[in-house]
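# A look at the structure
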Number of protein chains: 2
Amino acid sequence: MELFTHEYFMNEALKQAKIAFEEGEIPVGAVIVSKNKIIGRGYNQTEKLQDVTAHAEMIAITSAANYLGAKYLIDCRLYVTLEPCPMCAGALFWSQIGEVYYAASDPKRGFHQCNDSMLHPKTKVFSGIMAEPAQDLVNEFFKKLRE
Amino acid sequence: MELFTHEYFMNEALKQAKIAFEEGEIPVGAVIVSKNKIIGRGYNQTEKLQDVTAHAEMIAITSAANYLGAKYLIDCRLYVTLEPCPMCAGALFWSQIGEVYYAASDPKRGFHQCNDSMLHPKTKVFSGIMAEPAQDLVNEFFKKLRE
């Protein structure tokens, strides 16, 4: 895969989602990128940690802020395999992150269901990159869960 | 102050807010109560930790879940000195917390500005207990900041 493309970084987020899958978590993964360098990674750990706040994006935000030693992520990009929920969108608002790329939409729990303008007015949002493999992974997880 | 009243627990949240104030943080504090026992405490630490996710409520939720060894806070009550923001309301949604009591309203950043039904449909919300001292503390903080 070509380096430093949106597909490259979304694939890195997908790798995080696959770790979640292997660990029995709803498979969502995220990376945060600054100047084409990944400075934060996260995957959903709500079951392992028994903590509803341990979403992929939240872990990636904290990780990126630790890396930078600064709480604002203005020049950063988030790549996440599923549309952020309102909690994560609220955290992204506070971070003033520059760009958000999400793969699959979440018509049930995605932030767009809550309020279309939850993110910071300066944040640009893009969706659909690698939506199919991201959605397939979620579908496979719930199929396995039902069996 | 009489034990185990709403005022008692909100005063405990206010004590947390005062710690935040002393540490130069926007003074918001929270406690989570189960069976009249405080099982989680938190105060805003976004500056110290340089982490936008370190709101009082988020820290209290993680702390209470760790105490219980369980991520759902169905039979718990949150007392927080300021109306939760959308991030914290989103986390409270996932926790399915039983009751939320907030002191002062936040007409600018409170979750009601985002969406009135962000919390879980089973969560009961109450506001206004000790709103004045909670608001006074926030006002004093911003007054000091401007000086």
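Keep in mind that this is a model prediction, so the values were computed, not measured. (Residues numbered from 1 in each chain as written. Chains lettered and ligands numbered in written order. Predicted model: local features only at pLDDT ≥ 70, side-chain atom pairs only at ≥ 80, totals over all residues. Heavy atoms only, no water.)

UniProt annotation of "active site" (unreviewed entry) refers to Glu57 of chain A when read in the numbering used here. Ignoring sequence-local partners within four residues, the contact set of Glu57 of chain A consists of Ala30, Leu78, Val80, Leu82, Pro84, Cys85 and Cys88 of chain A. (UniProt positions renumbered as here; feature names shortened; annotations may be inferred. Contact = heavy atoms within 4.5 Å.)

Contact with chain B, which involves 29 residues of that partner, is made by 29 residues of chain A. The largest per-residue losses of area from chain B upon contact with chain A belong to Val52, Lys71 and Trp94 of chain B, which jointly make up 30% of the total buried on that side. Joining chain B to chain A, the criterion identifies two salt bridges. Residue Lys71 of chain B is joined to Glu47 of chain A by a salt bridge in which the shortest nitrogen-to-oxygen separation is 2.5 Å. For the interface between chain B and chain A, the tally reads ten residue pairs in polar contact (both at pLDDT 80 or more). Of all the elements in the fold, those that place two or more residues in the side of chain B that touches chain A are helix 2 (46-49), helix 3 (56-68) and helix 4 (86-95) of chain B. (Buried area = accessible area lost by both parts, 1.4 Å probe. Salt bridge = Lys/Arg side-chain N within 4 Å of Asp/Glu carboxyl O. Polar contact = N/O pair within 3.5 Å; in protein donor to acceptor, adjacent residues only side chain to side chain. Helix = DSSP H or I, 4+ residues; strand = E, 2+ residues; numbered from the N terminus.)

Right, let's get into the relation of the copies chain B and chain A. Here chain B sits on chain A after a turn of 180 degrees about the axis and a move of 0.0 Å along it, with an RMSD of 0.0 Å. The relationship between the two copies is best expressed as a two-fold rotation axis. Of the C-alpha atoms belonging to chain B, the one lying closest to the rotation axis is found on Met87 of chain B, 2.0 Å away. Of all interface residues in chain B, 100% are interface residues in chain A too; the two copies therefore contact each other through one and the same surface. (Least-squares fit on C-alpha atoms with pLDDT ≥ 70 in both.)

Under the definition given, this model contains 18 aromatic pairs over all chains. Plain terms: the ring middles of Tyr79 of chain B and Tyr101 of chain B are 4.8 Å apart, the flat faces sit at 10 degrees to each other, and that makes the pair stacked. Placement of the pair is Tyr79 of chain B in strand 3 (residues 76-82) and Tyr101 of chain B in strand 4 (residues 99-104), with a sequence separation of 22 residues. Here the aromatic residues Phe4, Tyr8, Phe9, Tyr79, Tyr101 and Phe126 of chain A are joined through ring pairs into a cluster of three or more. (Phe/Tyr/Trp six-rings, centres within 6.5 Å; stacked < 30°, edge-to-face > 60°.)

A separate point is the packing of helix 3 (residues 86-95) of chain A against helix 4 of chain B. Their axes nearest at 7 Å, the elements helix 3 of chain A and helix 4 of chain B cross at an angle of 160 degrees. On the basis of the axis angle, helix 3 of chain A is roughly antiparallel to helix 4 of chain B. As helix 3 of chain A runs across helix 4 of chain B, the sense of the crossing is left-handed. When helix 3 of chain A is examined against helix 4 of chain B, the residues Pro86, Met87, Gly90, Ala91 and Trp94 of chain A are found in contact with a partner set consisting of Pro86, Met87, Gly90, Ala91 and Trp94 of chain B. The residue inventory of the contact of helix 3 of chain A with helix 4 of chain B, partitioned by class, reads eight nonpolar, two polar and no charged. (Axes fitted to C-alpha atoms, helices over the stretch in contact; angles between N-to-C directions. Parallel < 35°, antiparallel > 145°, perpendicular 65-115°, else oblique. Left-handed = near helix turned anticlockwise from the far one by under 90°. Nonpolar A, V, L, I, M, F, W, Y, C, P; charged D, E, K, R; others polar.)

Attention now moves to the sheet that holds strand 4 of chain B. All names here are of chain B. Reading across the sheet, the five strands line up as 2-1-3-4-5 and stay open at both edges, with mixed pairing between neighbours. Unpaired on one side and paired on the other, strand 2 (37-43) and strand 5 (124-127) mark the two borders of the sheet. The sheet shows a mean angle of 15 degrees between the axes of neighbouring strands, taken without regard to direction. In this structure, strand 1 (residues 29-34) lies alongside strand 3, joined through five bridges in antiparallel fashion. For Ser34, the partnering residue across the bridge sits in strand 3 and is Cys76. (Pairing = 2+ DSSP bridges.)

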